[in-house]
Amino acid sequence: MEAIARLNNVPTSPRKMRLVADLVRGQRVGNALSILKFTPNHGAIKLEKLLLSAIANWQAKNPDAKLEEADLYVKMIQVDGGRMLKRLRPAPQGRAHRIRKRSNHVTLVVDAFNTEVTADEVETKENAN
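Since the structure is predicted, the reported quantities are computational estimates derived from the model, not experimental observations.

## Looking at the overall build of the protein
When you go through the protein residue by residue, the secondary structure sums to five helices and three strands. Listing the helices and strands of the protein from first to last along the sequence gives β-α-α-α-α-β-β-α. Whereas a compact globule of 129 residues would reach a radius of gyration of roughly 14 Å, the protein reaches 19 Å, over 25% beyond that. Principal-axis analysis of the C-alpha atoms gives the protein an extent of 70 × 40 × 20 Å.

## Let's talk about the sheet that holds strand E1 (residues 3-10)
Taken in spatial order, the three strands of this open sheet run E1-E3-E2, and their pairing is antiparallel. At either margin of the open sheet sits one strand with a lone partner, and together these are E1 and strand E2 (72-90). With direction set aside, neighbouring strand axes in the sheet form an average angle of 10°. For E2 and strand E3 (residues 96-112), the ladder comprises 16 bridges, and the chain directions are antiparallel. What sits directly across from Tyr-73, in E3, is Asp-111. Where helix H1 (residues 14-24) meets the sheet, its contacts fall on E1, E2 and E3, and the angle it forms with E2 comes to roughly 165°.

Cut-offs used in this document
- Positions within a chain are numbered from 1, following the residues in the order the chain's sequence is written.
- For a predicted model such as this one, the threshold for reporting local features is a pLDDT of at least 70, and the threshold for listing and counting side-chain atom pairs is 80 or more; totals across whole chains, interfaces and linings nevertheless cover every residue.
- The side-chain values count all of the structure's non-hydrogen atoms but skip hydrogen atoms and water molecules.
- Numbering goes from the N terminus for both helices and strands, where a helix is a DSSP run of H or I of at least four residues and a strand is a run of E of at least two.
- Two things to know: the radius of gyration comes from C-alpha atoms, and the globule rule equals 2.2 Å times the number of residues to the power 0.38.
- Two strands pair if DSSP finds at least two bridges between them.
- Only the stretch in contact is used when fitting a helix axis, every axis being a line fitted to C-alpha atoms; angles between N-to-C directions are given from 0 to 180 degrees.
- Residue contacts are defined here by distance: any two heavy atoms, one from each residue, within 4.5 Å place the two residues in contact.

By themselves, these observations are geometric and do not establish any function.
Structure (structure tokens):
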């Protein structure tokens with residue numbers, strides 16, 4: 001069973017956050033945490049906290065399952081553009097340059113590798129094809 005964690009309005013540009021998100025996409029949770037811990041980018045700190053939140057959400061959904069036996073991995077991580085603050089910086093000869101302070105929204109999904117597939121899921125996939 002998967003667990004979702006979202007982080008909204010992070011004051012980092014989406015492009016910089018995607019660089020960090022690409023490092024942990026598809027990784028096992030333990031490996032992803034160690035990657036984020038030693039990545040020097042500012043977005044890694046935010047993603048590490050988000051990943052820990054997703055793990056806590058998974059534990060809340062599955063109180064009888066053990067975290068060590070679950071073999072969690074980062075199923076999906078998506079970085080979308082958030083709101084943009086528009087500012088003006090003075091320029092020569094009475095002009096102004098526009099400054100766009102970007103933000104982003106991050107959605108992270110963790111899931112267990114050993115999830116059993118039910119007959120209903122297989123049947124719906126076959127019908128979709």
